[in-house]
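A closer look at the structure
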Amino acid sequence: MKKILFADDDPEIREVVRILLTREGHEVVEAVNGIEAVEKADHTIDLIILDVMMPGCSGVEACGEIRKKSSAPILFLTAKSKDRDKEEGFAAGGDDYLVKPFSSVELKARVNAMLRRYCVYKGKKGTEREVISLPGLEIFADTEEVNKNGERVLLTDIEYRILLLLAENRKKTYTTQDIYEVVWNEPFLFSSNNTVMVHIRNLRKKLEDDPQNPRCIRNVWGKGYRID
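For the structure given in this document, a descriptive report is provided here.

The rules behind the values
- Residues numbered from 1 in each chain as written.
- Predicted model: local features only at pLDDT ≥ 70, side-chain atom pairs only at ≥ 80, totals over all residues.
- Heavy atoms only, no water.
- Salt bridge = Lys/Arg side-chain N within 4 Å of Asp/Glu carboxyl O.
- Helix = DSSP H or I, 4+ residues; strand = E, 2+ residues; numbered from the N terminus.
- Buried < 20%, exposed > 50% of the residue type's maximum accessible area, 1.4 Å probe, protein only.
- Pairing = 2+ DSSP bridges.
- Axes fitted to C-alpha atoms, helices over the stretch in contact; angles between N-to-C directions.
- Contact = heavy atoms within 4.5 Å.

On to the pattern of salt bridges. Side chains that differ in charge, positive against negative, can pair when their charged atoms come close. Per the counting criterion, the structure on display carries 14 salt bridges. Across the pair Asp-228 and Arg-218 runs a salt bridge, and its minimum N-O distance is 3.2 Å. Here the residue Asp-228 occupies a position in the segment after strand 11 (224-227), and Arg-218 occupies one in strand 10 (residues 217-220), the gap between them amounting to 10 residues.

This is how it looks when you write it as structure tokens:
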């Protein structure tokens, strides 16, 4: 059983989603707004679902605050489907989007896929500490911790897995399609290109001294990304 935090200001939607996810065997913690979601997003939560359009504190704003203390995957529920709206959510630290109206099958599939990816990676604990060293960075593959100049950097699940993919395959260039299909484990669509680019941009903001002139995650013009 996994613990899922679901925030929506509509009580009817909260009830429907709670019943649906409870039947899947999950424990559901409800929040009536973004502020309450931030308060309840502790280390016991395995997945967070945020409605974007909530009064007072939107889902995107709540996501930004949650990312200061949690790396659990975040799924946005939204009526907005434009790329710039998705980019705003990804920039705040979200992992995926589900556009309203959605079916129960869609929600269950997305939730289970995100939990599976997150928990499989979280479950890979070695008996010895595996360390990947890069200039100024240490990646502890057994605990999924990343240190920059000796200080912990909090990455989202997606950000960590992109970094690990590139770090474990240094000098190999990955296209945005390669990255999406390996990390998300889903077929690549045209819109997926922006998704990968936003996550790469977020990684650079956290890891690079000068994100505009990256020294770690490099662009291979016309091809993709790599770590040398």
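A word on the pairing of strand 6 (residues 131-134). Residues Ile-132 and Leu-134 of strand 6 are buried on one face, while the alternating residues Val-131 and Ser-133, pointing to the opposite face, are not. As judged from the four bridges shared by strand 6 and strand 7 (residues 137-140), these two strands associate in the antiparallel manner. By the bridge assignment, Ser-133 is partnered in strand 7 with Glu-138. In textbook terms, the turn of a hairpin is the stretch between consecutive antiparallel strands, and for strand 6 and strand 7 this stretch comprises two residues, one of which, Gly-136, has a positive phi near 80°.

Taking strand neighbours across the sheet as the criterion, the four strands line up as 6-7-8-9 in an open arrangement whose pairing is antiparallel. Unpaired on one side and paired on the other, strand 6 and strand 9 (151-153) mark the two borders of the sheet. The sheet shows a mean angle of 25° between the axes of neighbouring strands, direction not considered. For strand 7 and strand 8 (residues 145-148), the ladder comprises four bridges, and the chain directions are antiparallel. Across the sheet, Ile-139 pairs through a bridge with Val-146, a residue of strand 8. Across the sheet, helix 6 (residues 157-168) touches strand 6, strand 7 and strand 8, and the angle it forms with strand 7 is around 105°. Each of strand 7, strand 8 and strand 9 touches helix 8 (residues 192-207); the most contacted strand, strand 8, lies at about 50° to it.

Worth remembering: the numbers are spatial, not functional.
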